[in-house]
Amino acid sequence: MRTAICPGSFDPVTLGHLDIINRSRKVFDKTIVAVLVNPEKHTMFTVDERIGLLKRCTEGMEDVEVVGFEGLLADYARQRGVTAIVKGLRALSDFEYEFQQALTNKKLNPELETMFLTTSAENMFLSSSIVKQIASFGGDISNFVPECILEDIKARISEGGK
Ligand code: PNS
């Protein structure tokens, strides 16, 4: 079975993430959406909350598994017996950082290949940070995140979360 890991912070999941997950599903039999557990990073949603939101957005997708992972992605992939990472590449500005990560992961785990999927044109500018910024100023984020998590973001903002 061909399996890919689609890693990220997903704080919160955006339509851009969902697009990449859905396109990974066209290429791989199974897509593991792996949420980084990083206690040092300030996030709007806890890891468990982010996993919950992702599970809700991917409900009914039998070929998608949502998990949390700690430590190195290269180690986690080895542990799961997975040799492919799928990531979305937006503008050229993403490239250097993603290239560095891909090469580092390859050094750490030579079996691991990173595949970049070109982000759809409508998601070129989209990121979780932008979504949080718009939401924090009361802007409309309905074109940027899955409808089923809209209220969770609004609620977190009204609680003062960023
Ligand atoms: O959504 P993000 O924050 O851009 O995702 C980044 C992520 C989680 C893919 C990346 O930070 C990661 O893989 N972290 C795990 C630690 C690791 O393996 N670091 C070495 C690769 S540079």
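Keep in mind it's a predicted model, so treat the numbers as computed, not measured. (Residues numbered from 1 in each chain as written. Predicted model: local features only at pLDDT ≥ 70, side-chain atom pairs only at ≥ 80, totals over all residues. Heavy atoms only, no water.)

## Looking at the pairing of strand β2 (residues 30-36)
For clarity, the cut-off: The classification of residues rests on relative accessible area computed with a 1.4 Å probe and restricted to protein chains. Under 20% of the type maximum is buried, over 50% is exposed, and intermediate values are partly exposed. For the purposes of this entry, the term helix denotes a DSSP run of H or I that reaches at least four residues, the term strand denotes a run of E that reaches at least two, and both are numbered from the N terminus. Between any two strands, pairing holds if DSSP finds at least two bridges. Place the viewer so that the strands point away; then a crossover is right-handed whenever the path from the first strand over the helix to the second strand goes clockwise.
Of all 7 residues that make up β2, 5 are buried, and the element is covered over most of its length. In this structure, strand β1 (residues 3-8) lies alongside β2, joined through 6 bridges in parallel fashion. Residue pairing in the sheet places P7 in a bridge with A34 of β2. When β2 meets strand β3 (residues 64-69), the two strands line up parallel, connected through 6 bridges. Bridge pairing in β3 links V33 to V66. Handedness of the crossover is the feature at issue here: the chain leaves β2, passes through helix α2 (residues 47-57), returns alongside β3, and the resulting connection is right-handed.

## Some details on a nonpolar patch on the surface
Quick note on the threshold: Surface patches are defined over residues having more than 30% relative accessible area and no salt bridge, joining like charges when they lie within 9 Å and nonpolar side chains (Val, Leu, Ile, Met, Phe, Trp, Tyr) when within 5 Å. Note that accessible areas follow from Shrake-Rupley with a 1.4 Å probe, and for residues the cover is restricted to the protein chains shown. The working definition used for a salt bridge is a side-chain nitrogen of Lys or Arg within 4 Å of a carboxyl oxygen of Asp or Glu.
Where nonpolar side chains cluster on the molecular surface, the patch consists of L92, F95, F99 and L103 and spans about 440 Å² of accessible area. For F95, the location among the structural elements is in helix α4 (residues 95-108). Classification of F95 by relative accessible area gives partly exposed; the value is 36%.

## Focus on the packing of aromatic side chains
Our working rule: Between the rings of Phe, Tyr and Trp (Trp by its six-membered ring), a pair exists once the centres lie within 6.5 Å; its type follows the angle of the planes, with under 30 degrees stacked, over 60 edge-to-face, and the other angles tilted.
Under the defined criterion, the tally for this structure stands at 3 aromatic pairs. When the ring of F95 is compared with that of F99, the centres are 5.1 Å apart and the planes differ by 25°; the resulting orientation is stacked. Here F95 and its partner F99 are both found in helix α4, 4 residues apart, which amounts to about one turn of the helix.

## What to know about the pattern of salt bridges
Counted under the stated rule, the structure contains 14 salt bridges. Here K132 ties to D11 by a salt bridge, and the two come within 2.8 Å at their closest N and O atoms. On the criterion of sequence distance, the pair formed by K132 in helix α5 (residues 128-136) and D11 in the loop between β1 and α1 (15-27) is long-range, its members being 121 residues apart. For the pair K132 and D11, one class covers both residues: buried. For the salt bridge of E159 with R156, the shortest nitrogen-to-oxygen distance reads 2.9 Å. Owing to a relative accessible area of 57%, E159 belongs among the exposed residues under this scheme. Taken together, the shared-partner salt bridges in this structure form one network comprising K30, E65 and R80.

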